[in-house]
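Here's the letter readout for the chains.
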Amino acid sequence: MKKIKIDLDFLFNVLFPLFAAFTISMTLPSFTPYYNSLIKLVRVPPVIFPIVWTVLYILMGYVGYQLSKNNDEYGERIYYLQLLLNLLWSPAFFGLKSPVLGLIIILILLGLVLWLFIYMRKKCYKLANLLIPYILWLFFATFLNVSLAILN
């Protein structure tokens, strides 16, 4: 019988962002009434957000795993800092009901992810490209956040 080797670092890096985001979402009161009360420039079905974020957190986790595996301490610091800001956005926007604070956080987050992308492109082109869907989504999320901050 063949033994299956489980890479705990891989599991941690892929599951940690998912678990952290899930935990934060469970600690916040239901944000649906607040979100529904906002004036929106663009209507996005709320079911889209958890699906997209799940895929993005898995991709991010894999990037984090590769940074860890390659002992890239600088890349890991940027990665975990952007992850922290990512996780702080929901409590700021929904918990504090502050689109402006959410906007400040997401702009810094977007800058950090772009910085990580540029840094990683020099080291591993293919790995950096895994951040492209995240960057595109962050641009879209930033657009939504800007419109919500202006309209509300």
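Look above for the structure.
Below is a short write-up of the structure. From a predicted model like this one, the values you see are computed outputs, not experimental measurements.

1. Some words on the environment of L151
Moving on, step 1. Along the chain, L151 falls in helix α7 (residues 132-151).
Moving on, step 2. What makes L151 partly exposed here is its relative accessible area of 35%.
Moving on, step 3. Separated by 147 residues in the primary sequence, L151 and I4 have C-alpha atoms spaced 54 Å apart.

2. What about the nonpolar core?
Moving on, step 1. L116, M120, L131, Y134 and L138 are the most contacted members of the largest nonpolar core, which totals 42 residues.
Moving on, step 2. Mapped onto this core, the elements with two or more residues apiece are α1 (8-27), α2 (32-37), α3 (48-69), α4 (73-95), α5 (99-123), α6 (125-129) and α7.
Moving on, step 3. With 11 residues, α5 is the largest single contributor of residues to this core.
Moving on, step 4. Residues within four places of Y134 in sequence aside, it is in contact with W53, L56, M60, Q82, N86, L109 and V113.

3. Some thoughts on the packing of α4 against α5
Moving on, step 1. Between α4 and α5, the shortest axis-to-axis distance is 9 Å and the interhelical angle comes to 160 degrees. With respect to their mutual orientation, α4 and α5 come out roughly antiparallel. The interaxial crossing formed by α4 with α5 has left-handed handedness. Contact with α4, carried on its side by Y74, G75, I78, Y79, L81, Q82, L85, N86, L88, W89, A92 and F93, involves P99, L101, G102, I105, I106, I108, L109, L112, V113, W115, L116 and Y119 of α5 and no other residues of that element.
Moving on, step 2. Partitioned by chemical class, the residues of the contact of α4 with α5 number 20 nonpolar, four polar and no charged.

What counts as what
Position labels on residues start from 1 in each chain and follow its written sequence. Local features in this predicted model are restricted to residues whose pLDDT is 70 or higher, and side-chain atom pairs enter the listing and the counts only when it is 80 or higher, whereas totals over whole chains, interfaces and linings include all residues. Water and hydrogen atoms were dropped before computing side-chain values, which therefore reflect all heavy atoms in the structure. The secondary structure listing takes helices from DSSP runs of H or I that are at least 4 residues long and strands from runs of E that are at least 2 residues long, numbered from the N terminus. Exposed residues in this analysis have more than 50% of their type's maximum accessible area, buried residues have under 20%, and partly exposed residues fall in between, with area computed by a 1.4 Å probe over protein chains only. Side-chain atoms within 4.5 Å link the members of a nonpolar core, which is a set of buried Ala, Val, Leu, Ile, Met, Phe, Trp, Tyr and Cys residues. Note on contacts: a residue pair qualifies if any of its non-hydrogen atoms lie within 4.5 Å across the two residues. Lines fitted to C-alpha atoms define the axes, with helix axes restricted to the stretch in contact, and inter-axis angles between N-to-C directions lie between 0 and 180 degrees. Any angle between 65 and 115 degrees counts as roughly perpendicular, while under 35 counts as roughly parallel, over 145 as roughly antiparallel, and the rest as oblique. Throughout, a crossing is termed right-handed when the near helix is turned clockwise from the far one, and left-handed when it is turned anticlockwise from it by less than a right angle. In this classification, Asp, Glu, Lys and Arg are treated as charged, Ala, Val, Leu, Ile, Met, Phe, Trp, Tyr, Cys and Pro as nonpolar, and every other residue, Gly included, as polar.

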